[in-house]
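# Residue-level structure breakdown
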Amino acid sequence: MAVGRPRRGSAVPPAPAARCSPRPYALPVWRAAGAAGRTAFLLLLLVAAASRAGVSAAGGPEVQSLRGSWRLGNGNGSVVLRGEVPGCVHTALHRAGLIQDPYYRFNDVMYRWISLDNWTYSRTFKTPFDFRKWQKVNLVFEGVDTVAQILINNVTLGRTDNMFNRYSFDITSVIKEVNFIEVRFLSAISYAAEQNRCHKGYSIPPACPPPVQKGECHANFIRKEQCSFSWDWGPSFPTQGIWKDVRIEAYNNYHLIYFSLISFFVKSTQKWHLEIEAIFDVVSSKPIVGLVIVNIPKLQTQQTFNVTLQPGEGSIVLLVNINKSFAVEAWWPNGHGKQTGYNMTTTFIMEAGYQIEKFSKAYFRTVELVQEPIHGSPGLSFYFRINDRPIFIKGSNWIPADSFQDRVTYDTLRLLLKSAADANMNALRVWGGGVYEQDEFYDICDEIGIMIWQDFMFACALYPTDQNYLESVGAEVTHQVRRLKSHPSIILWSGNNENEAAIASNWFSIPYADRGVYIKDYVMLYVKNIREIVLAEDKSRPFVASSPTNGLESVKEGWVSQNPYDTHYGDTHFYDYSIDCWNWAAYPKTRFASEYGFQSWPSFSTIKKVSSTEDWSYTSNFSLHRQHHENGNDQMLQQIEYHFKLPQSTDPIRKFKDMIYLTQVMQAQCVKTETEFYRFSQSEIIKGEGHTMGALYWQLNDIWQAPSWASLEYGGKWKLLHYFAQNFFAPLLPVAYEDKGVLYIYGVSDLHVDHKLTLRVVVYTWSSFEPVCILSKGGVTVKAQSAVPIYKESINDFLERCQNCTRKSCVVTFGLMGEDGLQSPTNHHFLSSLKDAVGLKKTQLSASVSQQDDIYIFDLHTTAIAPFVSLDVGSIKGRFSENGFLMTEKKKVVMFYPWEPTSIEELEESLTLTSLVDIV
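Since the model is a prediction, treat every value here as computed from it, not as a measurement.

### Overview of the overall build of the protein
Counting its secondary structure elements, the protein contains 18 helices and 48 strands. Taking 920 residues into account, the globule formula puts the C-alpha radius of gyration at 29 Å, and the protein, at 29 Å, falls close to it. The 920 residues of the protein split such that 62% are buried. Pairs at least 24 residues apart make up 72% of the contacts formed inside the protein by residues separated by at least 6 positions. Per element, the accessible surface of the protein, about 34,700 Å² overall, is 50% carbon and sulfur. If the 87 positive side-chain charges of the protein are averaged to one point and the 92 negative ones to another, these points end up 3 Å apart.

Take a look at the structure:
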């Protein structure tokens, strides 16, 4: 997502440059031979040797965690406190009561001093083992945020300058029985400014974010979460801290650093294979021989390999043939099958040292990014084939769930990801301005079938390509690909967010004569470095250099195409807030929509937690401060005014709540219209455009409590958009649109077989529960995984047939029904703007609440047809079965699924019922 144009920034204090991490080198690969005749004999010898030496799995490396409480102090020693590790300075200060919630009111600006200071984490620890017995002792940081000097016992071990790297320091010669460790941080803001100053010759834009973002400058000069310097949906909190695990590792002979497995299917033999890669640090001066036994009990697959580990760091690659007599269940995306994984044990039994046993899950799935000619259209297709089946990608874009990563728990991730799956999503794009997510994120996606489009962490900027920077990025990419490539959920590596478009569209007003310099840098970073490393490390999934991109056409044009938004190639991002969002013709009939969206405000209960009474107005200083997108609040008003009346209440708080409601209704209806357009465009080519095979709206989640494009509020509460997504991403869906006075209804299906269905169209006047007319059309064939027209009639004929109907007085509802309970959601089509609707009556909405097991049942009653009925239970955590619906009957039952214990009394007390006719 773009962040707007740059501006000049103010000066920041100078800072020393940090030394970059060493360039990742190509590891030697020790190929393993399949063990044959002497395997059993060698195995007996090794087991006997291990027994004599008293070495087993339990005799492995000593690991001492350094998690927990550390001393934390600022640059001049005026602030000293305890800080948890993993953690960061902001959360430590908040826990200690030294600052308020950083998200409260204007604190993002008030607490800027925290990021401008230089903080130090330190602690003393005893070594719980005899360090003299070990050949090598390492201090390992899984993540340091970001620029720091690492010392132990007053000896500098090295420096860090990349939040996304794993750092390992050899402390064999400096470790003692009692040790003092220090991590001396340098302000990320100061460091980035200094790196920019040191970059001679030409500028690397953008210098600073737009003023509306209240952010910091030169984020592109530091390998850190780019949105931590601010974005158009988030605050500026450039954190400092040890944000991931830190530990001491002591070992003899050899040590396993990375372990990964990827599956592939050989069509010629119709067999599945697994490629296992194990990367070792061998500290022995001589080669170490041994065996590796791979066992997958459920597939009756066991293989043994002879291996030799050479001194130094290198990898062994094992090719496991899966027993063909057993039917392998593939891993499928959500909605297309099971997410089957097989328990696998890999045992390393070496002649020296200890036995290693790795327990992992083996998943089997293939992925192809298909870019090939389409009949009747210029350009190329752009779609994903999973296990040889084309899949329409349905989902959203993921941003960091919090400015402070130590607050992102497993439960946080599970709630957000489960909400994506519950809304019928099968994919998320991990956007390139955030972080490579924690292991648990990808584990959950594997488990629930959410495919991941994984960006590398570069966004909306140009980047330097000096040797130090490239070395740091090289280490980062190598580490992240090794860490993540075992996950079947990841289906694509993507080099960056919008940086090809930034050059092609000249976002930064670069003179044409200088353009070549930046294209050369672009190719150097994303193609010659990142792409080369990805292809060397992982041949199991595709790579694209950017998003949006023209894919193979961009490659053909030298990696920066003339127009990366060309609808005939690749993916597109599309934003236009001036259009009438109900007009489907305004949207690009693209091959793949990877970003699009409209803003809304989060619910009042979410805003209330970080604001005070004087803030509760759409035009308050707080509301302006919280909006980080230029003219965002006005754009929402403009979009609302196309189809709805603005609230006129004289009660300011009521008016604010009404505005929040209307922004959510507007957003839901806008994104619904656009997404349905992409879904019904999947099977057709019109004027050379179409075959749209992906819809990822911007964005899934929020980083704080503020207006944004998200469908899930900070904390996980569902906006109306998310409830709409549950329907517009349904596996079976009828979609209506008008073109030149003709009403069309398409049947859209993700199901794997054709279905003969009945289309039921019911037309109501706004003033009555009694339908004006009902059309039931049987024998409608909706083809598997396609979108086909199933109904067509001129609006004039339609209105004439439904007597007493005009565009302003009637509304159309429709659904698909089949045998065995197969049913689509009921969809609706408005014949006019609702501000012009005739016959809408004031309604009395009421609800009674009952409980059945862990679910609460809301029995709703209305006295008249009610559009966009919203149920809101404030800050009680949970979700409804549906929300924001058109209520065309007097009674309706809605379920509430709580995420934490609640009661009927609490729900009744917290419940607010709102429909469009309540807005005055």
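So that's the structure; there's more coming.
### Some words on the state of the cysteines
Applying the stated criterion to the full structure yields 4 disulfides. Between C581 and C670 runs a disulfide, and the two sulfur atoms are separated by 2.0 Å. Every disulfide takes its handedness from the sign of the S-S torsion; for C581 and C670 that torsion is -75 degrees, giving left-handed. Here C581 is found in the loop between β30 (572-574) and β31 (593-596), whereas its partner C670 is found in helix α15 (residues 652-680), with 89 residues between them in sequence. Summarising the burial analysis for this pair, C581 and C670 share the class buried. Note that C805 is cross-linked by a disulfide to C810, the S-S spacing being 1.8 Å.

### Re the sheet that holds strand β47 (residues 891-898)
The strand order across the open sheet formed by 4 strands is β42-β43-β47-β45, and the pairing between neighbours is antiparallel. Looking at which strands have only one partner, the edges of the open sheet turn out to be β42 (846-852) and β45 (878-880). Here the strands of the sheet are splayed against their neighbours by 25 degrees on average, with no regard to which way each runs. Alignment of β45 against β47, held across 3 bridges, turns out to be antiparallel. Residue F880 lies in a different strand from β47, and its bridge partner there is F896.

### A short note on helix α6 (residues 410-422)
With 13 residues, α6 extends 18 Å between its outermost C-alpha atoms, agreeing within 8% with the 18 Å of an ideal straight helix rising 1.5 Å per residue. Within α6, the full set of buried residues consists of L413, L416, L417, S419, A420 and A421. Looking at the buried positions of α6, the neighbouring elements they touch are β25 (393-398), β26 (427-430), α7 (439-448) and α16 (720-728).

### Section: α7
Burial in α7 covers these residues: F441, Y442, I444, C445, D446 and I448. The elements touched by buried residues of α7 are β25, α6, β26, β27 (451-455), α8 (467-484) and β28 (490-494). Of the residues trailing α7, G449 is marked for its positive phi of about 85 degrees.

### Focus: the packing of aromatic side chains
Enumeration according to the criterion identifies 67 aromatic pairs in this entry. Look at Y202 and Y518: their rings are 5.6 Å apart centre to centre, the planes differ by 90 degrees, and that puts the pair in the edge-to-face class. Of this pair, Y202 sits in the loop between α5 (188-198) and β12 (229-231) while Y518 sits in helix α10 (residues 515-537), and the two are 316 residues apart along the sequence. Relative to F592, the ring of W453 lies with its centre 5.7 Å away and its plane at 45 degrees, an arrangement referred to as tilted. One end of the pair, W453, is in strand β27; the other, F592, is in the loop between β30 and β31, with 139 residues separating them in the sequence. No difference in accessibility class separates W453 from F592, as the two residues are buried. When the ring centre of Y258 is taken as reference, the NZ or CZ atom of R166 above it lies at 5.9 Å.

### Overview of the packing of helix α14 (residues 632-643) against α15
Viewed as axis vectors pointing N to C, α14 and α15 meet at an angle of 70 degrees, and their least axial separation amounts to 10 Å. The angle between the axes of α14 and α15 places the two elements in the roughly perpendicular class. For the pair α14 and α15, contact is made by M636, L637, Q639 and I640 and by M659, L662, T663, M666 and C670, respectively. Residues of the contact of α14 with α15, tallied by class, amount to 7 nonpolar, 2 polar and no charged.

Definitions and limits used
Residues numbered from 1 in each chain as written. Predicted model: local features only at pLDDT ≥ 70, side-chain atom pairs only at ≥ 80, totals over all residues. Heavy atoms only, no water. Helix = DSSP H or I, 4+ residues; strand = E, 2+ residues; numbered from the N terminus. Rg over C-alpha atoms; globule rule 2.2 N^0.38 Å. Buried < 20%, exposed > 50% of the residue type's maximum accessible area, 1.4 Å probe, protein only. Contact = heavy atoms within 4.5 Å. Areas by Shrake-Rupley, 256 points an atom, 1.4 Å probe, with all protein chains shown as cover. Lys, Arg positive; Asp, Glu negative; His and termini not counted. Charge placed at Lys NZ, Arg CZ, Asp CG, Glu CD. Disulfide = S-S within 2.5 Å. Pairing = 2+ DSSP bridges. Axes fitted to C-alpha atoms, helices over the stretch in contact; angles between N-to-C directions. Expected span 1.5 Å × (residues − 1). Phe/Tyr/Trp six-rings, centres within 6.5 Å; stacked < 30°, edge-to-face > 60°. Lys NZ or Arg CZ within 6 Å of the ring centre and 35° of its normal. Parallel < 35°, antiparallel > 145°, perpendicular 65-115°, else oblique. Nonpolar A, V, L, I, M, F, W, Y, C, P; charged D, E, K, R; others polar.

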